Amino acid sequence: MRSVMVQIPNTPTSADVARLAGVSRATVSYVLNNTSAVRISEPTRRRVREAARELGYVPHAAARSLRAGHSRMVLMPAPAIPVGPLYSGFLNELQGELGRLDYTVVQYGAVGLQGDEAARAWAELRPVAVLVPGAGLGPQGVGVLKRSGARAVVTLGPGRVDGAHALLMDHDAVGECAGAHLHARGRRRIGVVVPEESGLEVYSRPRLAGVRRALRGTDAAVTGLPLAYTEESASQLAARWGELDLDAVFAYNDEYAMLLMRALQDAGVRIPEDVAVIGADDLMLGRLLRPRLSTVHIELPSGRDLAELVDRAVRDPGAEPEVHKVLGASVVQREST
C-alpha cells in the first residue's frame, strides 16, 4: 500500500505575528487585546494587525480569559417574543458598540427555558455580562449568573430586579401619549388593540393602562380589542366594527395599525373620517400609507450608552446597580388622525 505524506499547516501563534511585525509578543498582546494602559504608536498597531491578518492569527479566547480573570463574552438571550424593526435596530447598534469596546456578543436562543431556569443555562457559558430583555428573570437567577462569573447583569423591561442593573421602559407613557392625542382630536369612543401573541402582554397591558390613565375623568370610553397578527383576525374585527361603535383606535404599534387599517378600509370604514388610527414606533412604512399613519415616536436608549454601562459594570462589579428610565414617547401627527 502506497503511503502519502500530508503536511498539516501549523496554527499561527502570537510569536509568529511578533516575528513578522518586528515587535515583542507583549506588544502583539497589547494591540490585539485593545489594551489602553500601554501607549503604542498607531503605525505599530497597524503593523501588528496586518501581520495577524496575513498569518490568519486569531487570539485564543479561553487563554485570554484566563489571563484577564474573566471572558469578554456578553450574552444576549434571544427575545422569546416577536420584536419589530425598532427593537431590532437598537440591538444591532448595541452589538456594534460592544464590539467597539472589545466584547464578543453572543445571542442565545433557548426555546422553552424561562426565568431562573434560563439563567442556569446562560451561566454554563460563563459570560462576563448578560443583557436580559423583557421580564421573567428574578433575584435567584441574578445570583446564579454572578456566582458563575458574570460581572454585570442588565435587564431591559418594565421593572427592576434586585442585584441587576436596570433600564426601565415605561410603556404606560406610550399609551398615555396616544390616548391624550386621540382625545384632543375630539375622539371619545376609543379602542385599544391588545395583541393575542404570547409574550406581548408585558408591553400591551401597560399601553392599555396608559390610555385609560390619559382619559380618566373625561367623557371618553376605552375598549380593549384582542387582535392576532393575521389578516383573518383583522378582517373579523373590521366586520363587526359597526356594532363596536368606536371613533378611534390606538393599534398597539405601527405593524398592527397597518394590518387593521387595511382591513377597515376593505370593509368600507373611512380613515380618519369614521375612525382615527394611531400606532407606535414611527416606522418608515407608516409614512408610505394612504392616509399616512399617525404614531407615537419611541426614543430608545442609545447603543453606546448601554454598552458603556456594561463596560463600567464589568470594570467595577461591586458597584451599586444603576437604574435608568430610558423610554421617551411623543406623538407624530399625520393624516390618519
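One can find the structure itself at the top, above this paragraph.
The structure contained in this document is the topic of the report that follows.

1. Some words on the pattern of salt bridges
Point 1. What the rule picks out here adds up to 16 salt bridges.
Point 2. The salt bridge involving aspartate 16 is made with arginine 19; its shortest N-O contact spans 2.4 Å. Of this pair, aspartate 16 and arginine 19 both sit in helix α1 (residues 14–21), 3 residues apart, roughly one helical turn.
Point 3. Take arginine 19: its relative accessible area is 61%, and that puts it in the exposed class.
Point 4. The network of salt bridges with common partners includes Glu97, Arg100 and Arg304.

2. With respect to the packing of helix α10 (residues 231–239) against helix α12 (residues 254–266)
Point 1. Between α10 and α12, whose axes approach to 8 Å, the crossing angle comes to 50 degrees. Our classification of the angle between α10 and α12 gives oblique. Here the hand of the crossing between α10 and α12 comes out right-handed. Residue-level contacts link Glu231, Ala234, Ser235, Leu237 and Ala238 of α10 to Leu259, Leu260, Ala263 and Leu264 of α12.
Point 2. Broken down by class, the residue content of the contact of α10 with α12 amounts to 7 nonpolar, 1 polar and 1 charged.

3. What to know about the pairing of strand β5 (residues 165–168)
Point 1. Of the two faces of β5, the one lined by His165 and Leu167 and the one lined by Ala166 and Leu168 are each fully buried.
Point 2. Judged from the 4 bridges that link them, strand β4 (residues 152–157) and β5 form a sheet pairing that is parallel. Across the sheet, valine 154 pairs through a bridge with histidine 165, a residue of β5.
Point 3. Pairing of β5 with strand β11 (residues 323–325) involves 3 bridges; the strand directions are parallel. Note on β11: the bridge partner recorded for leucine 167 is histidine 324.

4. Brief notes about the sheet that holds strand β2 (residues 104–108)
Point 1. Taking strand neighbours across the sheet as the criterion, the 6 strands line up as β2-β1-β3-β4-β5-β11 in an open arrangement whose pairing is parallel. Each edge of the sheet is formed by a strand with only one pairing partner; in this case those strands are β2 and β11. Along the sheet, successive strands turn relative to each other by an average axial angle of 15 degrees, direction set aside.
Point 2. Sheet analysis places strand β1 (residues 73–77) next to strand β3 (residues 129–133), joined by 2 bridges and oriented parallel. Bridge assignment links leucine 75 to a residue of β3, and that residue is valine 130.

5. Brief notes about the packing of aromatic side chains
Point 1. Taken as a whole, this structure holds 2 aromatic pairs when the rule is applied.
Point 2. Among the aromatic residues, those joined into a ring-pair cluster are Tyr229, Tyr252 and Tyr256.
Point 3. Residue placement shows arginine 72 over the ring face of tyrosine 103; its charged tip is 4.0 Å from the ring centre.

6. Things to note about a nonpolar patch on the surface
Point 1. Taken together, the side chains of Met284, Leu285 and Leu288 present a nonpolar region at the surface, about 330 Å² in accessible area.
Point 2. Relative to the helices and strands, leucine 285 is located in helix α13 (residues 284–288).

7. Observations concerning the sheet that holds strand β12 (residues 328–332)
Point 1. The 6 strands lie next to each other as β7-β6-β8-β9-β10-β12, forming an open sheet whose pairing is mixed. For this open sheet the edge positions go to β7 (221–227) and β12, each flanked by a neighbour on one side alone. Sheet twist, expressed as the average angle between the axes of neighbouring strands with direction ignored, equals 20 degrees.
Point 2. Taken together, the 7 bridges between strand β6 (residues 189–195) and β7 define a ladder with parallel strand orientation. Directly across from glycine 191, in β7, lies its bridge partner threonine 223.
Point 3. Lying on the sheet, helix α9 (residues 201–215) is in contact with β6, β7, β8 (248–250), β9 (276–280) and β10 (294–299); it crosses β6 at an angle near 165 degrees.
Point 4. Set on the sheet, α12 makes contact with β6, β7, β8, β9 and β10; between it and β9 the angle comes to about 150 degrees.

8. Things to note about the pairing of β9
Point 1. Of all 5 residues making up β9, 5 are buried, and the element is well covered by its neighbours.
Point 2. Burial of β9 is two-sided: the residues Ala276, Ile278 and Ala280 facing one way and the residues Val277 and Gly279 facing the other way are all buried.
Point 3. As judged from the 3 bridges shared by β8 and β9, these two strands associate in the parallel manner. Residue valine 249 lies in a different strand from β9, and its bridge partner there is valine 277.
Point 4. For the handedness criterion, the β-α-β arrangement of β8, α12 and β9 is classed as right-handed.
Point 5. Two strands pair when backbone bridges link them, and β9 and β10 are joined in this way by 3 bridges, in the parallel orientation. Bridge pairing in β10 places alanine 280 opposite valine 296.

Quick notes on the rules
- Residues numbered from 1 in each chain as written.
- Predicted model: local features only at pLDDT ≥ 70, side-chain atom pairs only at ≥ 80, totals over all residues.
- Heavy atoms only, no water.
- Salt bridge = Lys/Arg side-chain N within 4 Å of Asp/Glu carboxyl O.
- Helix = DSSP H or I, 4+ residues; strand = E, 2+ residues; numbered from the N terminus.
- Buried < 20%, exposed > 50% of the residue type's maximum accessible area, 1.4 Å probe, protein only.
- Axes fitted to C-alpha atoms, helices over the stretch in contact; angles between N-to-C directions.
- Parallel < 35°, antiparallel > 145°, perpendicular 65-115°, else oblique.
- Left-handed = near helix turned anticlockwise from the far one by under 90°.
- Contact = heavy atoms within 4.5 Å.
- Nonpolar A, V, L, I, M, F, W, Y, C, P; charged D, E, K, R; others polar.
- Pairing = 2+ DSSP bridges.
- Phe/Tyr/Trp six-rings, centres within 6.5 Å; stacked < 30°, edge-to-face > 60°.
- Lys NZ or Arg CZ within 6 Å of the ring centre and 35° of its normal.
- Patch = residues over 30% accessible without salt bridge, like charges linked within 9 Å, V, L, I, M, F, W, Y side chains within 5 Å.
- Areas by Shrake-Rupley, 256 points an atom, 1.4 Å probe, with all protein chains shown as cover.
- Right-handed = clockwise from strand over helix to strand, strands pointing away.

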